[in-house]
Amino acid sequence: MTEDQIKSVVFRLLKTVAPDTDPTQLKPGDNIRQSLSIDSFDYLQFIVGLDKELGIQTPEEDYGKIGTLKELVEYVSSRRPLAK
Amino acid sequence: MSAQVESGFAAPVLNDYAALRSSFQWKDAFALLSGLPEHKGLNIAYEAVDRHAASALAQRTAIRWIRKDRTSRDFTYAELRELTNQFANVLEQLGIQKGDRVFAFTGRIPELYISALGTLKKAAVFCPLFSVFGPEPVFQRLSRGDARVLVTTLDQYDKKIKGILPRLPELEWVLLTDAETHLNGKVKSLALLMKDASPEFRIPVTLPEDPALLHFTSGTTGMPKGALHVHNAVVMHLITGKYVLDFHDDDVYWCTADPGWVTGTSYGILSPLVNGITNIVDEEEFDAARWYSILEDHKVNVWYTAPTAIRRLMRMSIKPRSQYNLENLRLILSVGEPLHPEAVRWAQQTFEVPVLDNWWQTETGGIMISNYRSMEVRPGSMGKPLPGIEAAIGEIKDSGIELINEPGKQGNLILKKGWPSMFRTYLHEEARYDKCFHGDWYVTGDLAYRDADGYFWFVGRADDIIKTSGHMVGPFEVESTLMEHPAVGEAAVIGKPEPTIGELVKGFVVLKPGQIPDDALKLDIIGFARKKMGAAVAPKEIAFVTSLPKTRSGKILRRLLKARELGLPEGDTSTLEQS
């Protein structure tokens, strides 16, 4: 998956938890939750949705490491999809 | 299950519940406070800051503020005295009078704590607002609370305040914590004002019954109510710190609640300071790994958190006792909603320290019912009433309250009125206040029962108020906002049970004729509500329905919607409208 493809999924899913925002305006270093006013529950829903869509499994203890768009894209890129 | 899992720590401050309960007298508790010098009364900020700054504790860290980037800054009691004096002087220069309302709308930054305590020193009334609120809840609270001053940040000002200012003619000053210059005659740089303010301030005469704190709480049938507390409440902050939170002299303590909610003020600012210990403040939101390392790095002794957080931690594979050095941690407490038995057991096994649930609410100003370090914990129970507090189960009859003494029988949880931190009114809503009392009893709105040994057990709310992530959300306030959406004809809002956050806000919407009920419209409505109310209040789910169940008098039957949502029997529908 390319970085742009990951971003496109991320933006689409963010838009469903924060429909009043425009996630495509996020800069790489922006804190996603803060910039889009996403609370801890919404972020959980977002990551769970992302995992499902991309076939990966993000343990909750890692959530703190993926606060910015850049961190998220790098994190996702580094994880191989789980074998079915 | 014994509360005392871990030995080797200092004995509990409250080591014999029954003995203290029978010997307790409020006058002994008040004797532990200093009172203002020259018999000028009782002021919370003096008890929290100045008396320690004038003692051997002057150089002790009062507040350790941990920034988002994990660097930290310590404020000693002596420094805090000067900073809060400066803030009180700023208010003085702005013409703020005793009793005027000063609001804060920021994240957990030092200015929040300084403005809270400085406002109390000026004998003005402090009202914190949750920083995740959108403009509409903020407007409601500022206008209902007659705000004269608002302390906020540039970012919050730009995003949420600027647009509502024209509707707030009584708001005279907006003080921006991070503006380098004054924006105009009304919107000022707090830093500039503080720079010119003297670090010396004489606290004016403050009577124990003078208003001190205003906390908004949600109503079922109306907009939020402002529960007003007085300086006398400080005795509750003091003794609950000792008896429940078990504060010892050199303790480091961390309360994870945000001061925008009552726990974050009573126990995230006041109680630890009144007790002269070190209070940890973390600017960042929940992050499991960060939280565990804060407990380790800052050698936290007592940790006050919430079921939502504990449930999140339960889902993770982190083993805190083996991965982190938590040897200083003596006690964990939880409040906000009942901590289920399995969470109590998990936390006690995982942390190897007692985990104590307790119960109170905005109106009570301080912890009322609790488990104690020295008392057997019954997992799932809220514990027993504080010494000095009389709690009971009662049934409301036309003739008044009828007490239920039979163990295990459910009824209204009630408290004998007159404890020092009891709210004194709902601001401008005396009738709503009076409705909370029946004779000598305050009716809490919670349903509970008491077992044969005197432990209280929470059953549920007697009304439709939603408890989400430990916060109260009033359905009426959310419904009012949903109704403003151009496609919405009618709306009803309930709390839908959710395993992590307790309940999530769910809206049922009847669309206006001609609207298409699709996912895009759902998202549009959620987005609309988020923009107006903020993520903490806005519905996370919307369902389209063709009609809402109502009583014959037209009142929406939210309970029926909830029963349907849960697939439960719908109960008595005899007052349903016939359609």
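Residues numbered from 1 in each chain as written. Chains lettered and ligands numbered in written order. Predicted model: local features only at pLDDT ≥ 70, side-chain atom pairs only at ≥ 80, totals over all residues.

1. Overview of the overall build of chain A
- The helix and strand inventory of chain A stands at four helices and zero strands.
- Counting helices and strands in the order they occur from the N terminus, chain A gives α-α-α-α.
- Taking 84 residues into account, the globule formula puts the C-alpha radius of gyration at 12 Å, and chain A, at 12 Å, falls close to it.
- Along the three orthogonal principal directions, the C-alpha set of chain A runs to about 35 × 25 × 20 Å.
- Taken over 84 residues, chain A has a buried fraction of 25%.
- For chain A, long-range pairs separated by at least 24 residues make up 59% of all intrachain contacts whose partners lie at least 6 apart in sequence. (Helix = DSSP H or I, 4+ residues; strand = E, 2+ residues; numbered from the N terminus. Rg over C-alpha atoms; globule rule 2.2 N^0.38 Å. Buried ≥ 20, exposed ≤ 12 C-beta atoms within 10 Å, placed from the backbone. Contact = placed C-beta atoms within 7 Å.)

2. Some thoughts on the overall build of chain B
- Regarding its fold elements, chain B presents 18 helices and 28 strands.
- In terms of its C-alpha atoms, chain B occupies a principal-axis envelope of roughly 75 × 60 × 55 Å.
- Across the 579 residues of chain B, 53% fall into the buried class.
- Pairs at least 24 apart in sequence give 69% of the contacts found in chain B among residues at least 6 apart.

3. What about the environment of P539 of chain B?
Residues and elements named next belong to chain B.
- If you trace the backbone, P539 turns up in the loop between α17 (519-533) and β28 (541-544).
- A tally of 28 C-beta atoms within 10 Å means that P539 is categorised as buried.
- Beyond its immediate sequence surroundings of up to four residues, P539 is in contact with V478, V493, V505, K506, G507, I526 and A529.

4. Side note on the pairing of strand β19 (residues 411-416) of chain B
Residues and elements named next belong to chain B.
- In terms of burial, β19 is largely enclosed, as five of its six residues are buried.
- Across four bridges, strand β17 (residues 391-397) lies against β19 in antiparallel orientation. Along β19, the bridge assignment pairs I393 with L413. (Pairing = 2+ DSSP bridges.)

5. Concerning the interface of chain B and chain A
- Facing the 25 residues of chain B at the interface are 16 residues of chain A.
- Elements supplying a minimum of two residues to the side of chain B that touches chain A: α11 (288-297) and α17 of chain B.
- When residues of the side of chain B that touches chain A are assigned to their parent elements, the largest contribution, seven residues, is made by α17 of chain B.
- Tallied by class, residues from the side of chain B that touches chain A come to twelve nonpolar, five polar and eight charged. (Nonpolar A, V, L, I, M, F, W, Y, C, P; charged D, E, K, R; others polar.)

6. Let's talk about the sheet that holds strand β12 (residues 302-305) of chain B
Residue and element names in this part refer to chain B.
- Read across the sheet, nine strands follow the order β2-β1-β11-β10-β12-β13-β14-β15-β16 without closing on themselves; strand pairing throughout is mixed. The open sheet is flanked by β2 (72-76) and β16 (384-385), the only strands paired with a single partner.
- Across five bridges, strand β1 (residues 61-66) lies against β2 in antiparallel orientation. Its bridge partner lying in β2, I63 is registered against F75.

7. Regarding unusual backbone geometry
- Positive phi values are uncommon outside glycine, yet S37 of chain A reaches one of about 50°.
- Along the polypeptide, S37 of chain A turns up in the loop between α2 (32-36) and α3 (40-54).

8. Details of the domain arrangement of chain B
- Here chain B is described as being made up of domain 1 (17-359), domain 2 (390-461) and domain 3 (466-566).
- Summarising the inter-unit geometry, the C-alpha centres of domain 2 of chain B and domain 3 of chain B are found 29 Å apart. (Domains from an automatic or database assignment.)

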